[in-house]
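Coordinate inspection notes
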Amino acid sequence: MRELSYAEALREGMRMAMEKDSSVFVIGEDIGVYGGAFGVTAGLIDQFGPERVIDTPISEAGIAGACVGAAVTGMRPIGEMQFSDFVVLAMEQLTLQAAKMRFMFGGKATVPMVMRLASGSGTGAAAQHSASLEAWFVNVPGLKVVMPSTPQDAKGLLLASIYDNNPVIFIEHKLLYKMKGPVPEEWYTTPLSQSMVVREGKHLTVVATSVEVIRAQQAADILAKEGIEIEIIDPRTLRPLDLDPIVRSVIKTGKVLIVHEAVKMGGFGGEIAAQIAESKAFDYLDAPIRRLAGLDMPIPYNRILESHAVPQIENIVEEARKLVKGVY
Amino acid sequence: MKEVIMPKFGFTQEVSEIVEWRVKEGDQVEAGDILAEVTTDKISMEVEAPEGGIVSGIRYKAGEIVPVTEIIAYILRPGESLPADREASSSNSRDNIRDAVVAEAPLADSKGMVMPGKLTPLAARVAADRGLDALNIVGSGPGGRVTRMDVEQFSAQTSGNGKLPATPAAKRLARETGIALGLVKGLGPNGRIQAADVRAFSESKIPKILTTPETGTLVQNRGMRTIPFTGMRKAIAMNMAFSAQTIPAIQLEIDIDMEKTLALWEQAKSHAADKKVSLTALIVKTAAWALTRHPILNSQLGQNEIMLLPEVNIGLAVAIESGLIVPVIRQTDRKGILELAEGINDVTQRARQSKLRGSDLEGATFTISNLGMFGIDRFTAIINPPQVGILAVSAVKKRFVGNELGEPVLHNMMNMRLSTDHRVVDGAEAARFLSDLRAVLENPEEMLL
Amino acid sequence: MEDALRQTKTEKSRSGVFTNEKALELIDAMLLIRSFEENAEEMYARGKVHGTMHLSIGQEGVAVGTASALCPKHDYLLNVHRGHGHFLAWGGDLNRMMAEFMGRETGYCRGRGGSMHIADVEANNLGAQGIVAGNMPISIGVGLSIKARHTDQIALCIFGDGASNEGAFHESLNMASIWKLPVIYLCENNVYAMSMPIKKAINIEHISQRAAAYGMPGVTIDGNDVVQVYETIKSAAEYTRSGKGPYLVEVETYRWKGHSKSDKQAYRTRDEVKEWMARDPILRFAKLAGLSNEDLEQRRSLSREKIKKAVEFAESSPEPDVKDILEGVYA
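Everything quoted here is computed from the prediction, not taken from an experiment.

1. Topic: the overall build of chain B
A count of helices and strands for chain B gives 10 helices and 18 strands. Counting only residues that meet the buried cut, chain B has 35% of its 449 residues in that class.

2. Brief notes about the overall build of chain A
Helices and strands together make up the secondary structure of chain A, namely 12 helices and 14 strands. Going through the 328 residues of chain A one by one, you find that 59% of them count as buried. Within chain A, counting contacts between residues at least 6 apart in sequence, those at least 24 apart form 80% of the total.

3. Structural notes on unusual backbone geometry
Looking along the chain, the bond that leaves Arg239 of chain A and enters Pro240 of chain A is cis, with omega of -5 degrees. Turning to its location among the elements, Pro240 of chain A is positioned in the loop between β12 (237–239) and α9 (244–253). Following Pro385 of chain B, the chain continues into Pro386 of chain B via a peptide bond in cis, with omega recorded as 10 degrees. Within the secondary structure, Pro386 of chain B is located in the loop between β16 (366–370) and β17 (389–402). Phi angles above zero are rare outside glycine, and Asp30 of chain A is one such case at about 60 degrees. For Asp30 of chain A, a count of 15 C-beta atoms within 10 Å corresponds to the partly exposed category. For Val191 of chain C, which is not glycine, the phi torsion reads 75 degrees and is therefore positive. Considering the arrangement of structural elements, one finds Val191 of chain C in the loop between β3 (183–189) and β4 (192–193).

4. Notes on the sheet that holds strand β6 (residues 144–146) of chain A
Residues and elements named next belong to chain A. Read across the open sheet, the seven strands follow the order β3-β2-β4-β5-β7-β6-β12; overall the sheet is mixed. Since the sheet does not close on itself, it has two edges, and those belong to β3 (53–55) and β12, each with one partner. Sheet twist, expressed as the average angle between the axes of neighbouring strands with direction ignored, equals 20 degrees. In the sheet, β6 pairs with β12 via two bridges, with the strands oriented antiparallel. When the sheet's bridge partners are listed, Val145 is paired in β12 with Arg239.

5. Thoughts on the packing of helix α1 (residues 20–45) of chain C against helix α11 (residues 281–288) of chain C
Any two packed helices are characterised by the angle at which their axes cross and by the distance between the axes. All names here are of chain C. Put simply, α1 and α11 touch, their axes get as near as 10 Å, and they point 160 degrees apart. Put simply, α1 runs roughly antiparallel to α11. Crossing of α1 against α11: the hand is left-handed. Here Leu26, Ile27, Met30, Leu31 and Arg34 of α1 come into contact with α11, specifically with Pro281, Ile282, Phe285 and Ala286.

6. Here we look at the environment of Glu105 of chain C
Residue and element names in this part refer to chain C. Checked against the element boundaries, Glu105 lands in the loop between α4 (94–101) and α5 (135–149). Using a count of 16 C-beta atoms within 10 Å as the deciding quantity, one classes Glu105 as partly exposed. Along the chain, Glu105 and Ala314 lie 209 residues apart, while their C-alpha atoms are 9.4 Å from each other. Apart from residues lying up to four places away in sequence, Glu105 is in contact with Arg110, Gly111, Ser317, Pro318, Glu319 and Pro320.

7. Observations regarding the packing of helix α8 (residues 279–293) of chain B against helix α9 (residues 337–352) of chain B
Residues and elements named next belong to chain B. Viewed as axis vectors pointing N to C, α8 and α9 meet at an angle of 120 degrees, and their least axial separation amounts to 9 Å. Of the possible angle classes, the one that applies to α8 and α9 is oblique. At the point where α8 passes α9, the crossing takes the right-handed sense. Contacts between α8 and α9 involve Thr280, Ala281, Leu282, Val284 and Lys285 from the former and Ile337, Leu340, Ala341 and Ile344 from the latter.

8. What to know about the interface of chain C and chain A
Facing the 35 residues of chain C at the interface are 37 residues of chain A. Within the residue set of the side of chain C that touches chain A, elements represented by two or more residues are α5 and α6 (167–178) of chain C. Tallying contributions element by element places α5 of chain C first for the side of chain C that touches chain A, with 10 residues. Of the residues contributing to the side of chain C that touches chain A, the split by class is 19 nonpolar, 11 polar and five charged.

9. Here's the deal with the sheet that holds β3 of chain C
All names here are of chain C. Strands sit in the order β1-β2-β3-β7-β6 across an open sheet of five strands; the sheet is parallel. If you trace the sheet from one side to the other, it starts and ends with β1 (76–78) and β6 (218–222), each paired once. On average, each strand axis in the sheet is tilted by 20 degrees relative to the strand beside it, whichever way the strands run. As paired elements, β1 and strand β2 (residues 155–160) share three bridges and run parallel to each other. Bridging from a neighbouring strand, Leu77 pairs with Leu156 of β2.

Calculation rules
- Residues numbered from 1 in each chain as written.
- Chains lettered and ligands numbered in written order.
- Predicted model: local features only at pLDDT ≥ 70, side-chain atom pairs only at ≥ 80, totals over all residues.
- Helix = DSSP H or I, 4+ residues; strand = E, 2+ residues; numbered from the N terminus.
- Buried ≥ 20, exposed ≤ 12 C-beta atoms within 10 Å, placed from the backbone.
- Contact = placed C-beta atoms within 7 Å.
- Pairing = 2+ DSSP bridges.
- Axes fitted to C-alpha atoms, helices over the stretch in contact; angles between N-to-C directions.
- Parallel < 35°, antiparallel > 145°, perpendicular 65-115°, else oblique.
- Left-handed = near helix turned anticlockwise from the far one by under 90°.
- Nonpolar A, V, L, I, M, F, W, Y, C, P; charged D, E, K, R; others polar.

See the structure below:
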């Protein structure tokens, strides 16, 4: 299978949707002529013109509102927040309008929009350009929250999100944009709310999201040499969550480590830990549920500090070793 | 005045037994003279006089087991007298002796099942003071008795709150395999019991020879079906294997003329409210009677003693779908046939409906296994430790026997075969038991005499 | 783009604008709103309505004048929280509205939205709005959608004087202007944003001046003059429908009642209220239409009858079933 980068896969998904369906359009800052801050939308304006690849002034509330208004009147807009951090300026439209419209109107409105967020740390962009905010949206009923970790999932989940009739917050990771991987050429959708067992193992279940899935896989290779086999599960959709594969895995291994980049306190990992403890996997836990997550601080500028602020491969290796060896 | 204390010779030594006093009360000794010979773990040692003087206030006799560092005697100088409070400490140490920890793994209850209520008075007091649930404490004393040391240990293990730190997986495993968590040593952080620890404990009970051999390839047949070998089935199996491997058992059998018992059975049935009385009820009745006359068969082997148990609780082996289960009829020696029949019907029914409670399965002192309904002529049953005997009862069949005139007559005959732990029950005793049993089955009225 | 002044000529040439029939229609429409709101107030006082409501008594002229100049149900309505009048003028069904206020299953939103979120999406009524200026960014999307589909629809985006200070107001007017979106921004300046008088909240004379900042036309008119409202919106619609871009219309009006039901109105004088009540849009227009007092009162009674029937319908409607509680969260 041919390989595409994560960014290319996203672009291909958008392109295929726009080719097939005139109700799909893209809107955001610098996405047209500039091609997007991370190059994701490069070339789209040449193919589809400025009416469907809309460059906006710096008006995040306006961008989000534009998506809501277009969606509720029959279109399928794909909005972009140049850096996930900026989504806070659009929170009103996303959480009070998009998320709630359908319910408030007695189930009679549909808001089929996607808001893409360029998220995460590791590029030295520091405290206001490196956020991981998925937990904020997971707490809002009416929204769906998706986090692809591979190019194949990026394209498939994006197409699925565009055609899901609910507002979807689509969280991409900056460090993954250049990562290459196999991507099918045809039109396909990867189902939302379907967790994937990325790697099988018997000693420990590792639940990871976004870039941490990639780091967990590299950790797994290192651990395998020591005879420790970890099972990695990528939920892919955080809300609504497909808990079942995680429960089955924990029943099998008895131990679980949850890894995400966002700050630990109030992070999504706490939600997964609680759901595991509330499930039938509880009787099979042979160690406390552990989380590896971002430190309790804003992302710092200095490279070394930045790297320490979020879980890296060696952190996963060490934590996995400790859990398997019964340190906790 | 100098105290003579029981010395500690080894790191783990906790007690010593006084083999022999070499001096007596009032003897004059010099420093270094041998006062007594003591032994521990088969190692003999001598206790020397710490200084010269008169031997006084000897507190323990030969044969007594004394905790180390305990005062065993005093050396007095002329004019000195014994301390006034030694009586008080002495009675304390009497308790200590009774509670003396025998530093070996408990032998009595190999299934690891806790027998509630078996606490020494001191242990009970300490447990109550600390608010600990004695049910969870496993005893290392004779017959599984819980000693004060056990209580202390349990308290330490549970950080004083009586709750055992164990992972959910460990608890589940212990539940499923019938293991008391208190017996398992937790190797996790802060002494937490993990699943592996439970597994290790249950496997350690079984000699290695019993695990399936790793040699050869497993034959895989198409269409092969599997039955799970886990949980209760596995626990019972392991116990049986343990029994077969470690208990030197002897079997004695006897053929019994059942005519009179069968007549009595008819009578019993007509008296019963629901007309349902199993023949087993009569067998249980007579067995209970015989056991009270031969208490050695209703006993348990402890470390240094054989405990003759006060109650005759008979376990009845019942076949259910998932295998074998042995519900217990309590105090069989105190119940009449009709009452026993009711009890037997009840547990048998509940066993078949999988509605037995944990208490139904605990506390048996002897077991009866009846395969008569399958027409079996004779068979051998496996002893259920910590019991010392099991009675295998076979079918009643008409056989030819000789009457007083030597003529062949067809009588209803039934075979009974006793398996018994030869370490506890010798052949003669077993024979006497069976003989009495036959006597009372062949002439039930003898139970009244 | 000058400030529009109150035109006295409209008070003279009513026949030039409306036929008799149409005039009576408009009066009935305003009376319906008036009666509806008065009834709502009473129901609330009696504890029959839960939560709060924002009454538009005194602003009927705006609602009716605007709706009659546009094509309700073809055009989109992005309503404001004080939106009962607009909803009715847009063709709202009395029964379903009343039922919604009483939280019943038969309401427009199955009792889930209430007064502040009442909507009829199928009729292009995209709902009242609980967030001040919350509908303004949405108007951008609706405008883009209309353009993409090449229809002649308009989005009517209604908001108050207070909303003109929200960031979303500025983002929206700017985007609508640069992309020439077919949106009429109707600012109901009723002098107060809750308790904040508009004069203290802006440092300009009229809100409509802000349109210039975004390169789009803006006018200020007397919102209680139905004819003027009608004519202004009509020409704004023409402008907008022709693809020239958005239009800001500021109507000066006044709410007779407090902001919401828990308003003690300490921020204004009774005299001020009385002054504005004298400029009652209904009375003014009735006079213009040559309607006698008796006729007016008769029509008023008829409207009250209709309201009564709606109340009966609502009161006899079922509450939502708790077992359906999660319905409508996701599509």
